[in-house]
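Descriptive structure summary
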Amino acid sequence: MESFRDRIDNNKVPKHVAIIMDGNGRWAERHGKVRVVGHEHGVDSVRSVVEGAGEIGVEHLTLYAFSTENWDRPKSEVQALMELLVHAIEAETDSLMENNVRLDAIGDLEHMPSHVLDKLNSCRNRLQENTGLNLNLALSYSGQWDILNAAKKLAQDLADRKTNVEAIDYDLFSNYLSTSHMPNPELLIRTSGEYRISNFLLWQIAYSELYFTPKLWPDFRKDDLFEAIVDYQNRERRFGKTREQLTR
Ligand code: IPE
Ligand code: IPE
Ligand code: MG
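Quick caveat: nothing in here was measured; it's all calculated off a predicted structure.

Definitions and limits used
- Residues numbered from 1 in each chain as written.
- Chains lettered and ligands numbered in written order.
- Predicted model: local features only at pLDDT ≥ 70, side-chain atom pairs only at ≥ 80, totals over all residues.
- Heavy atoms only, no water.
- Helix = DSSP H or I, 4+ residues; strand = E, 2+ residues; numbered from the N terminus.
- Expected span 1.5 Å × (residues − 1).
- Bend = angle between axes of the 7 residues up to and from the residue.
- Buried < 20%, exposed > 50% of the residue type's maximum accessible area, 1.4 Å probe, protein only.
- Contact = heavy atoms within 4.5 Å.
- Near = heavy atom within 4 Å.
- Polar contact = N/O pair within 3.5 Å; in protein donor to acceptor, adjacent residues only side chain to side chain.
- Areas by Shrake-Rupley, 256 points an atom, 1.4 Å probe, with all protein chains shown as cover.
- Nonpolar A, V, L, I, M, F, W, Y, C, P; charged D, E, K, R; others polar.
- Pairing = 2+ DSSP bridges.

With that out of the way, let us pick up helix α4 (residues 75-98). Its 24 residues place the ends of α4 35 Å apart at the C-alpha level, agreeing with the 34 Å of an ideal helix rising 1.5 Å per residue. At Glu92, α4 shows its largest bend, some 45 degrees. All of the buried residues along α4 are Glu77, Val78, Leu81, Met82, Leu84, Leu85, Val86, Ala88, Ile89, Glu92, Thr93 and Leu96. At its buried positions, α4 is contacted by α3 (35-56), β2 (60-67), α5 (114-127) and β4 (134-141). Asn100 lies just past α4 and shows a positive phi near 65 degrees.

We now examine the site of ligand 2. What surrounds ligand 2 is the set Ile20, Met21, Asp22, Tyr64, Ala65, Phe66, Ser67, Asn70, Arg73, Arg190, Arg196 and Ser198. Taking Arg73, its side chain carries an N or O atom lying 3.3 Å from an oxygen atom of ligand 2. At 2.9 Å from an oxygen atom of ligand 2 is found a side-chain nitrogen or oxygen belonging to Arg196. Protein burial of ligand 2: of its 390 Å² of free accessible surface, 78% is covered by the chains. When residues of the shell around ligand 2 are assigned to their parent elements, the largest contribution, 4 residues, is made by β2. Of the residues that constitute the shell around ligand 2, the class distribution is 5 nonpolar, 3 polar and 4 charged.

This part covers the pairing of strand β5 (residues 187-190). Across the two faces of β5 the burial is the same, with Leu187 and Ile189 and Leu188 and Arg190 all buried. The pairing of strand β1 (residues 16-20) with β5 spans 4 bridges and is classified as parallel. In the sheet register, Ala18 faces β5, and the bridge partner there is Leu188. Note: β5 against strand β6 (residues 209-212), 4 bridges, orientation parallel. Within β6, the residue paired with Leu188 across the bridge is Leu210.

Turning our attention to α3. In an α-helix, one turn spans 3.6 residues, which is why side chains three or four residues apart end up on the same side. Between its first and last C-alpha atoms α3 spans 32 Å; for 22 residues at 1.5 Å apiece the expected length is 32 Å, and the two agree. Taken residue by residue, α3 has Val37, Gly38, His39, Gly42, Val43, Ser45, Ser48, Val49, Val50, Gly52, Ala53 and Ile56 as its buried positions.

Written as structure tokens, this is what we have:
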């Protein structure tokens, strides 16, 4: 049978794919392990998906790695996730370099531990001349934080008379969001069978196609990404118009 990779229309590859990587804890539980082992296996999935996204020419891949709400998990799990992030960045930078990947992060990064930020920044700097996939990690991120933060910065610019109320439109507001330098995701994927957004990109997914899979994140591989993209390519995106208007 033809693989999902072969069924992808290269002319209709989404420029931006966002993923809510969920189900690490349940994966661990099913394997009789502690939660952090699930997170560790999740790194293999990230590696595979980053490779796959690069192969088919996705320009931006945004991965929800840690939400604002995740700070409320047990301290030991938060700490383990932060250390895992540091180790994963250390271990993966060489292969990201080989794959021509750039790295960036969005979120309330001031709340991240400084040694994690240092690691992130040094990796980002090393990869900054690359020209392939832009890998964007959402860390200490929430969609409501993003919108609130944008509103605050805009309010400051209004107070400083750098802009005026009449100038505020969708484009101007978007420029204050953490994703200002990328298009909105055409496709949002969530693993683990949960049907919710969990405060991920809110403004940016206004017209994204949503794809839910019961697969737990540590079981997700590039082939699952390709399957999601084939599904996405078979949808009709109407943006409020009628079908007749689209074919004209
Ligand atoms: C996703 O897996 C990883 C993070 C949220 C950091 P979970 O840890 O949420 O796994 P489940 O949902 O409990 O299975
Ligand atoms: C969403 O997953 C956050 C990340 C994947 C980083 P959660 O497991 O935290 O979300 P809920 O609790 O199911 O809404
Ligand atoms: Mg979860």
